[in-house]
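Tertiary structure, described
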Amino acid sequence: MHATRYLIAGGGLTADAACKGIRDADTDGAVTVVAEEPHPPYSRPPLSKALWKGDDERTIWRGTAEFGVELRLGRTIVALDLAGRRAADDQGEIYSYERLLLATGGRPRRLPFGGDEVIYYRSLDDYRRLRALADADTRFLVIGGGFIGSEIAAALTMNACPVTMVFPQPGIGARIFPADLSAFLTDYYRAHGVEVLTGASVTAIEWDADKVRVTTGDGRMREADAVVAGLGIEPRVELAKAVGLPVADGIVVDDRGRVDGREDVFAAGDVARFPVAVLGGTMRVEHEDHAKSHGRRVGGNMAGADEPYDHLPFFYSDLFDLGYEAVGELDSRLQTSADWSEPRRQGVVYYLDNDGRPRGVLLWNLFGGVEAARDLIRAGEPVEPGALRERVA
Ligand SMILES: Cc1cc2nc3c(=O)[nH]c(=O)nc-3n(C[C@H](O)[C@H](O)[C@H](O)COP(=O)(O)OP(=O)(O)OC[C@H]3O[C@@H](n4cnc5c(N)ncnc54)[C@H](O)[C@@H]3O)c2cc1C
């Protein structure tokens, strides 16, 4: 039996931030992180960006162990006993704890065919696998036109690999960008040499020796050497579900990160559904800033800080030489209002509710405006087009 004051299930960015949050409030209570991957916590964003632009792999580590925590790597928590405050891992170790954090993140959605040869891109090991292929003149087929698909397609193309993208939406980023911006981005990829097949759902993946043949519902077929998929993630809620904790597309937490009002069970990061007072309702956010800030705040609360999480997380992406930062709810189904200093090259897109108040703000190739965008959303007033761009530019 391994006794610890704080037990963290999961070893990602959230777990790392929670360790730091615990240490803000408790300098010497025993912290144990049980992490399924064989690596200590690392940053995922560089796996689809900076590492493809020449950054060294050593830049991704979070330095978690320096906070005096015990890392149990390559182990998965498989069972919880909430009444006994115990957890078991897949190697038969039992942990007793006073406070538990579920920071189990998400696992990539998979296709029902194609097998393990398809790289569902999420981890450092996936990066290493893809990097080895990219260094061997591989032709890639990338499934998905969202965050991961678009970043990986750009990264591979910048590394001189031929890339075909396939996805069912009408354009790249169509779920979050207004239609004209998504169409611009799709053309931008094509101009950089990416073959982009829009409106195309993959219906079959067949491996033939070292080649792969991918077929789409409209009868198109492409051959490649490797397939990478970015189809989003499913929150890893199975532990919570098995012991009857509330789950609704994520583990439901309160503003302290507590689960089911309990003082001894918390959840944070990609796996947690948390209240967002300024927008009303709850959200689950799959982004770095949230993982870090939610993890840190909830870690502090595990150690008694008792502070609400009222942060409006931002997110960002780099696509070739385009980049953006965004805050709040970016959903292309909302009404949008764009304010360009140069059409589709630089500007602001506001995502509005029915009364014209911003629920989300996209800063397209415009940096340093995240705090001002948060202020606009928090103010809850109809936006004056131009206000934000002039403040930031
Ligand atoms: C390639 C890539 C690029 C990204 N780029 C950006 C970006 O540009 N901007 C941005 O804002 N966000 C980006 N993100 C998203 C961001 O990295 C995530 O939101 C963040 O990493 C989530 O952290 P997490 O710790 O909550 O979850 P995860 O990163 O999923 O970590 C959870 C960890 O826990 C482990 N685990 C799960 N269950 C158990 C268990 N039962 N026992 C033990 N261990 C377990 C998992 O194996 C995993 O290692 C990117 C993600 C990826 C994959």
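Above this text sits the structure in question.
Residues numbered from 1 in each chain as written. Predicted model: local features only at pLDDT ≥ 70, side-chain atom pairs only at ≥ 80, totals over all residues. Heavy atoms only, no water.

1. Section: the site of the ligand
Taken together, 34 residues form the shell around the ligand, and within it T14, E37, R44, K49 and R122 come nearest. Contact distances for the ligand include 2.6 Å between an oxygen atom and a side-chain N or O atom of R44. The separation between an oxygen atom of the ligand and a polar main-chain atom of E288 is 2.9 Å. Notes on the ligand: free accessible area 1000 Å², of which the protein chains cover 96%. Breaking the shell around the ligand down by element, the ones donating at least two residues are α1 (13-25), β3 (31-35), α3 (147-158), α6 (288-302) and β23 (314-319). Looking at side-chain class alone, the shell around the ligand contains 12 nonpolar, 11 polar and 11 charged residues. (Near = heavy atom within 4 Å. Polar contact = N/O pair within 3.5 Å; in protein donor to acceptor, adjacent residues only side chain to side chain. Areas by Shrake-Rupley, 256 points an atom, 1.4 Å probe, with all protein chains shown as cover. Helix = DSSP H or I, 4+ residues; strand = E, 2+ residues; numbered from the N terminus. Nonpolar A, V, L, I, M, F, W, Y, C, P; charged D, E, K, R; others polar.)

2. Brief notes about the nonpolar core
The biggest cluster of nonpolar side chains holds 46 residues, and the ones touching the most others in it are L156, M165, Y189 and L362. Excluding its chain neighbours within four sequence positions, the residues that come into contact with Y189 are S150, E151, A153, A154, M165, I172, V194, V196, L319 and F320. (Core = buried A, V, L, I, M, F, W, Y, C linked by side-chain atoms within 4.5 Å. Buried < 20%, exposed > 50% of the residue type's maximum accessible area, 1.4 Å probe, protein only. Contact = heavy atoms within 4.5 Å.)

3. Comments concerning the side chain of T32
Here T32 shows up in strand β3. In this structure the side chain of T32 is engaged in a polar contact, spanning 2.9 Å, whose partner is the side chain of H2. Polar side-chain contacts of T32 include one of 3.0 Å to the side chain of T4.

4. Considerations on the packing of α1 against α6
Across the interface, α1 lies against α6 with an axial gap of 6 Å and an inter-helix angle of 35°. The element α1 and its partner α6 pack so that their crossing is right-handed. In contact with L13, T14, A17, A18, K20, G21, I22, D24 and A25 of α1, α6 contributes E288, A291, K292, G295, R296, G299, G300 and M302. Taken together, the residues of the contact of α1 with α6 sort by class into seven nonpolar, five polar and five charged. (Axes fitted to C-alpha atoms, helices over the stretch in contact; angles between N-to-C directions. Left-handed = near helix turned anticlockwise from the far one by under 90°.)

5. Topic: α6
In this model, α6 (15 residues) spans 21 Å end to end at C-alpha, consistent with the 21 Å of a helix rising 1.5 Å per residue. Counting buried residues along α6, 12 of its 15 residues qualify, which places the element largely inside the surrounding structure. Within the span of α6, buried status applies to E288, D289, H290, A291, S293, H294, G295, V298, G299, G300, N301 and M302. Just beyond α6, the residue with positive phi is G304, at close to 100°. (Expected span 1.5 Å × (residues − 1).)

6. Focus: the pairing of strand β11 (residues 140-143)
Burial along β11 is two-sided: the face carrying F140 and V142 and the face carrying L141 and I143 are both buried. Pairing between β11 and strand β12 (residues 163-166): four bridges, direction parallel. Bridge pairing in β12 links V142 to M165. One crossover worth recording links β11 to the parallel β12 by way of α3, and it is right-handed. Direction of pairing for β11 relative to strand β17 (residues 226-229): parallel, over a ladder of four bridges. If you follow L141 over to β17, its bridge partner there is V227. (Pairing = 2+ DSSP bridges. Right-handed = clockwise from strand over helix to strand, strands pointing away.)

7. Here's the deal with unusual backbone geometry
The backbone of D260 shows a phi angle near 60°, a positive value even though the residue is not glycine. Locating D260 in the fold gives a position in the loop between β19 (251-252) and β20 (265-267).

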